[in-house]
Amino acid sequence: MPRIGSYDVIIIGGGHAGCEAALAASAMGLGTCLFTMNIDSIAQLSCNPAIGGLAKGHLVREIDALGGQMAKTTDAAGIQFRVLNRSKGPAVWSMRAQADRALYKSHMKEALDASANLAIKQAAIEELLVENNKITGVLTASSETYEARAVVVTTGTFLNGLIHVGLTNYPAGRAGEFPSVGLSNSLRRLGFKMGRLKTGTPPRIDARSIDFSKTTPQWGDDPPEPFSFSTKEILNPQLPCYITYTNETTHSLIRASLERSPLYAGVIKGVGARYCPSIEDKVVRFPDKPRHQIFLEPEGLRTREFYANGIPTSLPVDVQLAVVRGIEGLESAEIVRPGYAIEYDCVYPTQLRHTLETKDIEGLYLAGQINGTSGYEEAAAQGLMAGINAALKITGKPPLILHRHEAYIGVLIDDLVTLGTREPYRMFTSRAEYRLLLRNDNAEIRLRDIGRHVGLVSDETYGHFIAKRTLIEEELSRLRTFKASPDEINETLAVLNTTPIEEKTTLAQLLKRPEVSYDMIEKIYPAGQLPIDARQYIETEIKYEGYVRQQERLVERMKKLELRQIPPDFDYRTISGLSNEVMDKLEEVRPETVGQAGRIPGVTPAAVSLLMVIIEKRRRTGGIAS
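Reading guide: rules and limits
The residue count restarts for each chain, going from 1 along the sequence in the order it is written. Where local features are concerned, this predicted model is filtered to residues with pLDDT of at least 70; where side-chain atom pairs are given and counted, the filter is 80 or more; whole-chain, interface and lining totals use all residues. Water and hydrogen atoms play no part in the side-chain values, which are based on all heavy atoms of the structure. Following DSSP output, two strands are said to pair if at least two bridges run between them. Helix numbers and strand numbers start at the N terminus; a helix is a DSSP run of H or I with at least 4 residues, a strand a run of E with at least 2. To define axes, lines are fitted to C-alpha atoms, for helices over the stretch in contact only, and angles between the resulting N-to-C directions are given on a 0 to 180 degree scale. Here the aromatic set is Phe, Tyr and Trp, taking the six-membered ring for Trp, and pairing holds for ring centres within 6.5 Å; pairs whose planes are under 30 degrees apart are stacked, those over 60 apart are edge-to-face, and all others are tilted. Residue burial is assigned from relative accessible area. The probe radius is 1.4 Å, only protein chains are included, and a residue is buried under 20% of its type maximum, exposed over 50%, and partly exposed in between. Counted as over-ring charges are cases with an Arg CZ or a Lys NZ within 6 Å of the ring centre that also lie within 35 degrees of the ring normal. To qualify as a nonpolar core, a set must consist of buried Ala, Val, Leu, Ile, Met, Phe, Trp, Tyr and Cys residues joined through side-chain atoms within 4.5 Å. Any two residues whose heavy atoms approach within 4.5 Å are treated as being in contact. Salt bridge criterion: a side-chain nitrogen from Lys or Arg within 4 Å of a carboxyl oxygen from Asp or Glu.

Novice: Any details on the sheet that holds strand 10 (residues 162–165)? Residues and values, ideally.
Specialist: Pairing within the open sheet is antiparallel, and its four strands lie in the order 11-10-19-12. Of all the strands in the sheet, just strand 11 (168–171) and strand 12 (194–201) have a single pairing partner and so form its edges. Pairs of neighbouring strands in the sheet enclose a mean axial angle of 25 degrees, with direction left out of account. Pairing between strand 10 and strand 19 (residues 340–347): three bridges, direction antiparallel. Residue pairing for strand 19: Ile163 is matched across the bridge by Ile342.

Novice: Go over the sheet that holds strand 15 (residues 241–245), please, and point to the residues and values.
Specialist: Think of a sheet as strands paired side by side through backbone hydrogen bonds, with each pair either parallel or antiparallel. Taken in spatial order, the six strands make up an open sheet running 14-15-16-17-13-18, and their pairing is antiparallel. Taken across any chain shown, the strands that pair with only one partner, and hence form the sheet edges, are strand 14 (216–218) and strand 18 (335–337). If you compare each strand with its neighbour and ignore which way they point, the axes differ by 35 degrees on average. Here strand 13 (residues 204–206) runs beside strand 18; their pairing, made up of two bridges, is antiparallel.

Novice: Can you explain the packing of aromatic side chains? Please cite residues and give values.
Specialist: The full count for this structure, using the stated rule, is nine aromatic pairs. Ring geometry for Phe212 against Phe306: centres 5.3 Å apart, planes inclined by 55 degrees, an arrangement best described as tilted. Remark: Phe306 occurs in strand 17 (residues 305–309) and Phe212 occurs in the loop between strand 13 and strand 14; sequence separation between them is 94 residues. Given a relative accessible area of 24%, Phe212 falls into the partly exposed group. A network of ring pairs unites the aromatic residues Tyr7, Phe35 and Tyr146 as a single cluster. One residue, Arg291, lies across the ring of Tyr245, its end atom 3.5 Å from the ring centre. Over the aromatic face of Tyr425 sits the side chain of Arg431, whose NZ or CZ is 4.2 Å from the ring centroid.

Novice: Please set out the nonpolar core residue by residue, giving values where relevant.
Specialist: In globular proteins that are soluble, nonpolar side chains generally tend to be buried together. Ranked by internal contacts, the top residues of the largest apolar core, which has 105 residues, are Leu128, Val151 and Ile409. Setting aside anything within four residues of it in sequence, one finds Ile409 in contact with Leu59, Glu62, Ile63, Leu66, Ala381, Met385 and Leu402.

Novice: Residues and numbers for the pattern of salt bridges, please.
Specialist: Under the defined criterion, the tally for this structure stands at 44 salt bridges. Note that Arg255 and Glu248 form a salt bridge whose closest N and O atoms lie 2.2 Å from each other. Linking Arg337 and Glu305 is a salt bridge whose minimum nitrogen-to-oxygen distance equals 2.8 Å. With Arg337 in strand 18 and Glu305 in strand 17, this pair connects stretches of sequence that are 32 residues apart. Look at Arg337 and you get partly exposed, because its relative accessible area is 48%. A relative accessible area of 11% means that Glu305 is categorised as buried.

Structure follows, in structure tokens:
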């Protein structure tokens, strides 16, 4: 086994997690190598040609604020941008963009190629090399070894991947690409507990065979709002999506073909995503629903392919064609690529620390779908954090752990390592208990300093941020101190059908009224040009100030538990009063803090209180270092 090379950090996999991990580690000055089975598939949007969505858009903005790449690449490739949930409160507003597949891949590849400390190699990794429970490198399928001080595994759906179309199945990492079998076996030999998950994709349709006159066009926002805080404007032409629906005809065809479905014939063993079911599942689980919405989404500016979002399926190709042609507007549709289901291996994420380093093997990090998550955005967030923490560990610096009150990324990772998952994990705003503090408009305010501190934010980007933050602080101060007089504002208040003022009132007090917007205030009392995201941040901070402060007080109370560390070798069996079930759960997860222990399902508040008492008692008697 010839030794070919040596790197500080090796990344396995060129998907969204791998790209962010590689860019982070290399930007932090570490010699990094990204291994991928196919260089031409780097940053492939394997399923939906879109980035963001409900809560996922928050993740993308946080990645950008920390200095990651996904948002910038989305802006460069975006062909439709929308802010979702506008009718609800700003805590759940989420950004989403349709992306040109080819542009997305090429722009991300350019970013990787431009990284000075990053090498990219096409090779299949067969085995992880470990000595004394510490990673030392990797072995390729062609028997070359590469040494590394840290390895980040980001294999997506490639671990023992198996594609299903009807009752036919074949090994693949995704359509047209080989699976990774040896690496999965290597992880098992190293003692990792592993599971089996499933995801799926819908058919792609030739645009020339679609009758768009029978569908409803859905355009994006005009002007489009960029994902990245650094993007000045979107330059690509913007395209609509088109809405249509399934009907009883398509449902009948599906019900009549269930015996040919691998899902219902018992062929597929992996657990699928509850929140993104196949069309077969939808028809069976919701028999009273007469139709299901379908979004026909363009795959790019220079392709005829449309993605049929809403009908992921693993039915045989002849059934897929019949089902598609039973949908209004698709009566003459031609399928370019059939839908399929894919099963793949995952590692149960309770075996990880919050840094995404494995508990049992030092220097080995896992990120993305290997940890049981389901989306590009969740994968990219994990990849970024794994790359950062691998670099910090190698350089002898403290790790970066984002807490639940600091970022959706913190919620994501804490959920994975504390709760684990037995099905593909998807981020939702409802998972974040402090979501009013974690809005998409304040991601830069929350996280830009952290990105700067770890070395991922350039001087230029940080300079722009400091200037914008100064403008925001000055404007908030003006709104809270400048007072409007009744004769200046009451006419406008009357038009808005809100109560007039009788004495001078601060602009902030006026802005707290539901009927009053920042734009209205600014028209009467101009403040100068502020970026759109800064204006949104200012308005939300003022209008929801009371609720924001309430959540901040709650966070302060919770910090006591989060800061109380539990030694890694703590013996829970020595605590009398804990049930066997609680002890088993604590030993499985091995929480790092008392706060994390309290979030483990089945660990009761009484058990947490007892744990706190014992830890404090032992600390005072010298049994535990403070």
